[in-house]
Protein chains: 2
Amino acid sequence: MKARVTIMLKAGVLDVQGEAVRHALGTLGFAGVQGVRQGKVIELDLAATDAVAAEAEVKAMCEKLLANTVIESYRVEIL
Amino acid sequence: MKARVTIMLKAGVLDVQGEAVRHALGTLGFAGVQGVRQGKVIELDLAATDAVAAEAEVKAMCEKLLANTVIESYRVEIL
């Protein structure tokens, strides 16, 4: 079973990487870019076969390791 | 208009970050993780109002700046 975790900085947390990308796009002539936020996506291959159990396990992974929940939010999709 | 770009290393390219995450999950007791691939997600706020034009513009951004198309593949979603 596959799972995808998307981790983004929470709204209000300064996204330095995103700002750098926005600036770089501006210098390349892409004028219509009003904001950029950059995050991480982690795709997991799991041995679990039960979707509900897999989602609970992936959420535990996020809380313990994958996301810094003080400044980041995460979203889990089971594929 | 919002767009989301997901950038992953192509299959066959060694994903060092993903391997590190897989190892760390194993040491934390998550035994059922068979593979991990880590990528980037970039969310863009665009001034464009036409979805087709916006998608073409974002693809141009990927080719020119956001993705290294030698080793990375990208996917564009208009939200």
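Residues numbered from 1 in each chain as written. Chains lettered and ligands numbered in written order. Predicted model: local features only at pLDDT ≥ 70, side-chain atom pairs only at ≥ 80, totals over all residues. Heavy atoms only, no water.

Engineer: Got a minute to help me understand helix α2 (residues 51-66) of chain A in this structure?
Structural biologist: One turn of an α-helix holds 3.6 residues; hence residues three or four places apart share an orientation. Across its 16 residues, α2 of chain A extends only 19 Å between first and last C-alpha, which sits more than 12% below the 22 Å expected from 1.5 Å per residue. Those residues of α2 of chain A that fall on the buried side of the exposure criterion are Ala54, Val58, Met61, Cys62 and Leu66 of chain A. The buried residues of α2 of chain A occupy an angular sector of 100° when the element is viewed end-on, so they sit on one face. Turned more than 90 degrees away from the buried face of α2 of chain A, the exposed residues are Val52 and Lys64 of chain A. Packed against the buried residues of α2 of chain A are β1 (2-9), β2 (33-46) and β3 (72-78) of chain A together with α1 (16-27) and β2 (33-46) of chain B. (Helix = DSSP H or I, 4+ residues; strand = E, 2+ residues; numbered from the N terminus. Expected span 1.5 Å × (residues − 1). Buried < 20%, exposed > 50% of the residue type's maximum accessible area, 1.4 Å probe, protein only. Arc of directions from axis to C-beta. Contact = heavy atoms within 4.5 Å.)

Engineer: Please explain the layout of surface pockets as it appears in this structure.
Structural biologist: Empty space among the atoms becomes apparent when a probe as large as a water molecule is rolled across them. Roughly 260 Å³ of internal volume is contained in the largest pocket. The wall of the largest pocket is formed by 19 residues, among which Gln38, Gly39 and Lys40 of chain A together with Gly39 and Lys40 of chain B lie closest to the centre. Taken together, the residues of the lining of the largest pocket sort by class into seven nonpolar, six polar and six charged. (1 Å grid on protein atoms, 1.4 Å probe; cavity = no way out; pocket = protein on both sides within 12 Å on 5 of 7 lines; lining within 4 Å. Points joined across faces, edges and corners; volume = space filled by probe spheres on them. Nonpolar A, V, L, I, M, F, W, Y, C, P; charged D, E, K, R; others polar.)

Engineer: It is not clear to me how the pattern of salt bridges should be interpreted in this structure. Could you clarify?
Structural biologist: This model, assessed by the stated rule, comprises eight salt bridges over all chains. As a salt-bridge pair, Lys2 of chain A and Asp45 of chain A come within 3.5 Å of each other at their nearest N and O atoms. Pair noted here: Lys2 of chain A is in strand β1 and Asp45 of chain A is in strand β2, with a separation of 43 residues, a long-range link. Classification of Lys2 of chain A as partly exposed rests on a relative accessible area of 45%. A salt bridge links Glu55 of chain B to Lys59 of chain B; the shortest N-O distance between them is 3.5 Å. In this pair, Glu55 of chain B and Lys59 of chain B are both assigned in helix α2 (residues 51-66), four residues apart and thus about one turn of the helix distant. By relative accessible area, which is 30% here, Glu55 of chain B ends up partly exposed. (Salt bridge = Lys/Arg side-chain N within 4 Å of Asp/Glu carboxyl O.)

Engineer: Mind showing me how you'd approach the interface of chain A and chain B here?
Structural biologist: Bring the parts together and some accessible area is lost; that lost area is often taken as the interface size. The interface of chain A with chain B comprises 31 residues on the first partner and 31 residues on the second. Of the roughly 2700 Å² buried between chain A and chain B, counting both surfaces, carbon and sulfur atoms make up 66%. Contact with chain B buries area across many residues of chain A, yet Phe30, Val41 and Glu43 of chain A alone supply 20% of it, more than any other trio. For the interface between chain A and chain B, the tally reads zero salt bridges. In terms of residue count, the dominant contributor to the side of chain A that touches chain B is β2 of chain A (14 residues). (Buried area = accessible area lost by both parts, 1.4 Å probe.)

Engineer: Explain the relation of the copies chain A and chain B here, please?
Structural biologist: With an RMSD of 0.0 Å, the fit of chain A onto chain B corresponds to turning through 180° and sliding 0.0 Å along the axis. Here the copies are linked by what is in effect a two-fold axis. The position closest to the rotation axis in chain A is occupied by the C-alpha of Lys40 of chain A, lying 2.3 Å away. (Least-squares fit on C-alpha atoms with pLDDT ≥ 70 in both.)

Engineer: Sorry, what's going on with the sheet that holds β3 of chain A here?
Structural biologist: Within a sheet, adjacent strands bond to each other through the backbone by hydrogen bonds, running parallel or antiparallel. Read across the sheet, six strands follow the order β3(A)-β1(A)-β2(A)-β2(B)-β1(B)-β3(B) without closing on themselves; strand pairing throughout is antiparallel. Where the open sheet ends on each side, the last strands, each with one partner, are β3 of chain A together with β3 (72-78) of chain B. Pairs of neighbouring strands in the sheet enclose a mean axial angle of 25°, with direction left out of account. Where strand β1 (residues 2-9) of chain B meets β2 of chain B, six bridges bridge the pair, whose relative direction is antiparallel. By the bridge assignment for β2 of chain B, Val5 of chain B is matched with Ile42 of chain B. Across the face of the sheet, helix α1 (residues 16-27) of chain A comes into contact with β2 of chain A together with β2 of chain B while running at roughly 125° to β2 of chain A. Where α2 of chain A meets the sheet, it contacts β1, β2 and β3 of chain A together with β2 of chain B, and its direction lies at approximately 155° from that of β3 of chain A. (Pairing = 2+ DSSP bridges. Axes fitted to C-alpha atoms, helices over the stretch in contact; angles between N-to-C directions.)

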